[in-house]
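Descriptive analysis of the structure
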Amino acid sequence: MLHRTILRRARWISSVTIPLLLGCSPSHDVGEAGVSSSASSESDLVTSPEANLRNVVPAPVSVHSRAGHNHTITSNTVIGVDAASHQARHVGEYLASLLRPATGYALPVLPAVTPLHDGITLLLRDCHDERLSKEGYELDVDTDGIVIRAADGRGLFAGVQTLRQLLPANIESAKPVKDAWAVAGAHIIDYPKLEFRGAMLDVSRHFFGVDIVKRYIDDIVRYKMNHLHLHLTDDQGWRIQIDAWPQLTAIGSGSDVVGGPGGFYTKADYQEIVRYAASRHITIIPEIDMPAHINAALASVPKLNCNDRSPPLYTGSNSGFPSLCMDAAHRDFVIKFIDDVVRELAKITPGPYIHLGGDEAQGTALADYIAFEQRVLPIVSRYGKTVIGWDPDLLKAKPDPKTTLIQYWWITPTDDALKAAAKRGSKFLLSPGDITYLDTKYTESTPIGQNWMALIEVKDAYSWDPATYLTGVPTSQIVGFEAPLWTETISNLADIEYMIYPRLPAHAERGWSPASHTWDDFKVRLAAQGPRWKLANINYYASPQVPWPVDIRTSLSSLKEP
Ligand code: TNX
């Protein structure tokens, strides 16, 4: 495998609607034609309910307009939630919290059994249609009100994200604004193509506090993402409290990639993140990267080193040099250390996964790497979790497909090792570095970010289908995708948002929507998101590839370039 320092030198630059009749659909009339995805004019793009209906990202599976049946949210509107369900109530409260600031309306949340007059009603009901799945929903807008139906809180939550985009962009304002809060009459059926749609935030190279992580969660749920991977440890910092090894945070958290103050999450902080994520139907995946990318732990615990001496904290951007010591004198100590860390982390992580890294272990001999992984991967299973590990590295250890999910970050989708792993039954999470890496510069002149693997403009980010990306691996073995944000060059919220917008919505659509959508229809819908980001105070890269509406183009200079 090529190492990334070599790659740094040789850079690669590199609506159709589907009407469906679902078994659990209520019977009702829907409009004739599907809605095509191009706005007719730029002002239309920003304002009309019909344009909003055309411009949803990710594009829903099926959209039928009901012309003449628009519904307007007013000060009398109520939010109805399935009387029997906590989940529906939580989603209803969340919806109210989204709509109250801009509308200034009370929007009381009331129990409901059937759709409420002048209401936005969220109903759960038996729905055995496989296609609708747990995250699918149906959304009906009629003169009398709006109804979202789903089999699960996750589906209601996804439907709420769609409804948010059906409202005028002004709904993103934090302060009351005068607007006609009209939503186009419609019947929408929607569900995801792939079950795992994730983002990663590296909190080791730069540490980001709980509030920024919450904002990141709010950023990714707009586009129906459902997993957040936290890269909690690396050479530059250890970011999670472990009671059995207090040195990890007392020493190992005290710096970052540029020698800044660093920081860490207490268990209470981490649990607060997990709770906030769960309230938005996001699963948190914690990563403890090993046996390389481990200098912060080596700096904290001398006996993890073969010479029993801790190196200093590392403040550069190189990788691959350190390794946990696996010689006969240290092996048991190191395994006990890992067992403690995984046990404590598993206890505060309700999601099914723990990520053990495994990437770029150039400082570990291959035989030692294989022996290490074979010993360590089962620890995660013992604590009831599925391991995720980075590949191409981890496949060298032939991990058990039943207990390990392979996160593929390399850029050779025809790789024989992958095909062989697929034959053994492995499942894959896709993060090809030259497509999904959110720390990558858009162009040579992007002021932050890396360029060692590629330059990734928004069109490049949209130019793949995770379901069919790996040659010779059936779609049934692709769980989904994850877009990682490494943070060597990224140090604050404005930087984070500049790198994820607008590429994250591109990946989100590739993971959610039918593959038939094209860049040409996507770029128009993406453009319509710009005013929403601006109103939500989200910093973003105003890519020249996107036909942003005139009124935001003229005010782009007010956006902060990091
Ligand atoms: C590679 S990809 C890494 C990270 C870096 C990133 C920078 C992978 C699993 N490891 O450690 O932060 O490149 O682009």
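Criteria and cut-off values
- Residues numbered from 1 in each chain as written.
- Predicted model: local features only at pLDDT ≥ 70, side-chain atom pairs only at ≥ 80, totals over all residues.
- Heavy atoms only, no water.
- Helix = DSSP H or I, 4+ residues; strand = E, 2+ residues; numbered from the N terminus.
- Buried < 20%, exposed > 50% of the residue type's maximum accessible area, 1.4 Å probe, protein only.
- Areas by Shrake-Rupley, 256 points an atom, 1.4 Å probe, with all protein chains shown as cover.
- Near = heavy atom within 4 Å.
- Polar contact = N/O pair within 3.5 Å; in protein donor to acceptor, adjacent residues only side chain to side chain.
- Nonpolar A, V, L, I, M, F, W, Y, C, P; charged D, E, K, R; others polar.
- Salt bridge = Lys/Arg side-chain N within 4 Å of Asp/Glu carboxyl O.
- Disulfide = S-S within 2.5 Å.
- Pairing = 2+ DSSP bridges.
- Axes fitted to C-alpha atoms, helices over the stretch in contact; angles between N-to-C directions.
- Contact = heavy atoms within 4.5 Å.
- Expected span 1.5 Å × (residues − 1).

When its secondary structure is counted, the protein shows 19 helices and 19 strands. In the protein, which comprises 562 residues, the proportion classed as buried is 61%. Taken as a whole, the protein presents about 20,000 Å² of accessible surface, with 55% of it coming from carbon and sulfur.

It is worth spelling out the site of the ligand at this point. Taken together, 13 residues are adjacent to the ligand, and Arg-205, Tyr-437, Asp-439, Trp-452 and Glu-488 come closest. At 2.9 Å, a side-chain N or O of Asp-359 approaches a nitrogen atom of the ligand. In the complex, the protein chains occlude 100% of the 360 Å² of accessible area that the ligand would expose alone. Within the shell around the ligand, the residues separate by chemical class into five nonpolar, two polar and six charged.

This part takes up the pattern of salt bridges. Scanning all chains against the criterion turns up 28 salt bridges. Here Asp-152 makes a salt bridge to Arg-154, at a shortest N to O gap of 3.1 Å. By relative accessible area, which is 36% here, Arg-154 ends up partly exposed. Notably, a salt bridge pairs Arg-205 with Glu-488, separated by 3.5 Å at the nearest N-O pair. Placement of Arg-205 in the loop between β10 (196-202) and α6 (210-221) and of Glu-488 in the loop between β19 (478-485) and α15 (493-500) is noted, with a sequence separation of 283 residues between them. On the basis of relative accessibility, which here comes to 9%, the residue Glu-488 falls in the buried class. One continuous salt-bridge network, built from bridges that share partners, spans Lys-336, Asp-339, Asp-340, Arg-343 and Arg-382.

Another aspect to go through is the state of the cysteines. Going through the model one piece at a time under the given rule, you end up with one disulfide. For Cys-306, the disulfide goes to Cys-325, at an S-S distance of 2.0 Å. In this structure, the disulfide formed by Cys-306 and Cys-325 twists by about 95° around the S-S bond and is classed as right-handed. In this pair, Cys-306 is assigned in the loop between α9 (295-300) and α10 (331-347) and Cys-325 in the loop between α9 and α10, connecting sequence segments 19 residues apart. Here Cys-325 falls in the buried class, since its relative accessible area comes to 1%.

Around the barrel, which closes on itself, the eight strands sit in the order β10-β11-β14-β15-β16-β17-β18-β19 with parallel pairing between neighbours. Each strand of the sheet is rotated relative to its neighbour by a mean of 30°, with strand direction disregarded. Pairing of strand β18 (residues 427-430) with β19 involves three bridges; the strand directions are parallel. Along β19, the bridge assignment pairs Leu-430 with Phe-481. Most of the contacts of α6 go to strand β11 (residues 227-231), to which it runs at about 145°, and overall it touches β10, β11 and β19.

With respect to the helices and strands, the residue Ala-199 is situated in strand β10. Along the chain, Ala-199 and Leu-438 lie 239 residues apart, while their C-alpha atoms are 9.1 Å from each other. Each residue touching Ala-199, except ones within four places of it in the same chain, is listed here: Tyr-216, Ile-220, Met-225, His-227, Leu-228, His-229, Glu-482, Ala-483 and Leu-504.

A few words on helix α5 (residues 153-166). Across its 14 residues, α5 extends 20 Å between first and last C-alpha, which sits within 8% of the 20 Å expected from 1.5 Å per residue. Within α5, 13 of the 14 residues are buried, which leaves the element mostly enclosed by the surrounding structure. If you check the start of α5, you find a side-chain oxygen 2.9 Å away from the backbone N of Arg-154, and it comes from Asp-152.

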